[in-house]
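Chain by chain, the residues:
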Amino acid sequence: MGSSLFRGKKNKTMGSSSTSVPSLMKDEEPRNWAELPSDLTSSIMLRLGVIEILENAQKVCTSWRRVSKTPSMWRKIDMHNLGDMRSSMKYDFEIMCRHAVDRSQGGLVEIDIWYFGTDNLLNYIADRASNLRSLRVANCSQITSEGIAKAVVKLPLLEDLNVSYCALSGQFLRAVGQSCPNLKTLKYNRIVESFADEPNNNAIAIAESMPQLRHLQLFANALNSTGLKAILDRCTYLEHLDLRRCLNIDLSKDLRKRLERIRVVRYTYDSIGDFPYHITMSLDCEDSNLIYDFHDVLYEFPCHSASGNA
């Protein structure tokens, strides 16, 4: 594609019936994309996703391919917004992710993976990205608690962990707390009816192993007031606490007072309008039901106001 990627069209006339061409198009010189400054090329590519770079942008010309191999281009890898590409047989997302990790040459600090993650991929990332600060995985049915526990041992600098809608027990939480002393943000989101643990196991594991947490999201967790109290007792630096759809919590006056000391609290029946995962909602207050669709699985909650837990 190189230097002749886009060429201007010269004005062509045919007597009095000629069509006028805008002045910006007359005698326009060819745009040589290969001559763009490398910092401008980098700026363009940083606005693209992994697949767009590997499948398209790096093929524009030699200079673009050279920029695409720069480790600084791969400090952040975002593979969450795959859209219609998920149903295509054209892409092997795990291979592409590994390729992107390799290009970071150890400089990867943030990675976001939805749908296709596996234990083997997590281990591959952990072996090559010991400086990783942020790991987010969502709706990855092939990731296990053991796989995450094995990976985080190699990620001592991890500060942000988001594990949402994966087929996990809470057994990995202690491994995370013990291996990642710098952890400041934990988001552990589950499906309401999938609880296999004793209700407060997860909360107690978090309380005992993650005292430095600033941000905690436990969407649809099974913890009750005892588990919440354990978190408040030990995680004294909390600034944001998200308890939406934690249906077992019954707030006493004392717990409410303690929660008021946290800067931002999202209560059980607060709005989920800003929740980042695909949710469709059907509201029928005559039947006193709210029905949510988490990735094509329906769950039903009582219809309450969106302001607090009362």
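Just so we're clear, the structure is a prediction, and the values are computed from it rather than from any experiment.

The rules behind these values
- Residues numbered from 1 in each chain as written.
- Predicted model: local features only at pLDDT ≥ 70, side-chain atom pairs only at ≥ 80, totals over all residues.
- Heavy atoms only, no water.
- Helix = DSSP H or I, 4+ residues; strand = E, 2+ residues; numbered from the N terminus.
- pLDDT = per-residue confidence, 0-100.
- Contact = heavy atoms within 4.5 Å.
- Polar contact = N/O pair within 3.5 Å; in protein donor to acceptor, adjacent residues only side chain to side chain.
- Buried < 20%, exposed > 50% of the residue type's maximum accessible area, 1.4 Å probe, protein only.
- Phe/Tyr/Trp six-rings, centres within 6.5 Å; stacked < 30°, edge-to-face > 60°.
- Core = buried A, V, L, I, M, F, W, Y, C linked by side-chain atoms within 4.5 Å.

**Re unusual backbone geometry**
Despite not being glycine, Tyr165 has its phi angle at roughly 55°, a positive value. Position of Tyr165 relative to the elements: it lies in the loop between β4 (160-164) and α7 (172-179). Phi is positive for Ala220, close to 60°, though the residue is something other than glycine. With respect to the element layout, Ala220 can be found in the loop between β6 (215-217) and α9 (225-234).

**Points about the confidence of the model for the protein**
Overall, the prediction assigns the protein a mean pLDDT of 78, with 69% of residues at 70 or greater. In this model, residues 1-21 is a region of pLDDT below 50 whose contacts with residues beyond four sequence positions or in other chains number 25 contacts. Long-range and interchain partners of residues 279-310, a stretch whose pLDDT sits below 50, account for 74 contacts in this model, where long-range means more than four residues apart.

**Overview of the side chain of Asp160**
As for its placement among the helices and strands, Asp160 is situated in strand β4. Separated by 3.3 Å, the side chains of Asp160 and Arg136 make a polar contact. For Asp160, the residues in contact, after removing those within four places along its chain, are Arg133, Ser134, Leu135, Arg136, Leu183 and Thr185.

**Considering helix α5 (residues 119-128)**
Residues of α5 that are buried include every one of Leu121, Leu122, Asn123, Tyr124, Ile125 and Ala126, and no others. Residues of α5 that are buried in the fold lie against α4 (93-104), β2 (110-114), β3 (134-138) and α6 (145-152).

**Remarks on the packing of aromatic side chains**
Taken as a whole, this structure holds five aromatic pairs when the rule is applied. With a centroid separation of 5.7 Å and an interplanar angle of 40°, the aromatic rings of Phe93 and Phe116 are classed as tilted. Highlighted residues: Phe93 in helix α4 and Phe116 in the loop between β2 and α5, separated in sequence by 23 residues. You'll find Phe93 and Phe116 in the same group, each marked buried.

**Structural notes on the nonpolar core**
Ile111, Phe172 and Leu228 are the most contacted members of the largest nonpolar core, which totals 72 residues. At five residues, the largest contribution of residues to this core is made by α4. In contact with Phe172, not counting residues within four places along its chain, are Ser145, Ile148, Ala149, Leu161, Val163 and Tyr188. Counting eight residues, the second-largest nonpolar core is a separate cluster that includes Trp114, Ala138, Ala220 and Ile272.

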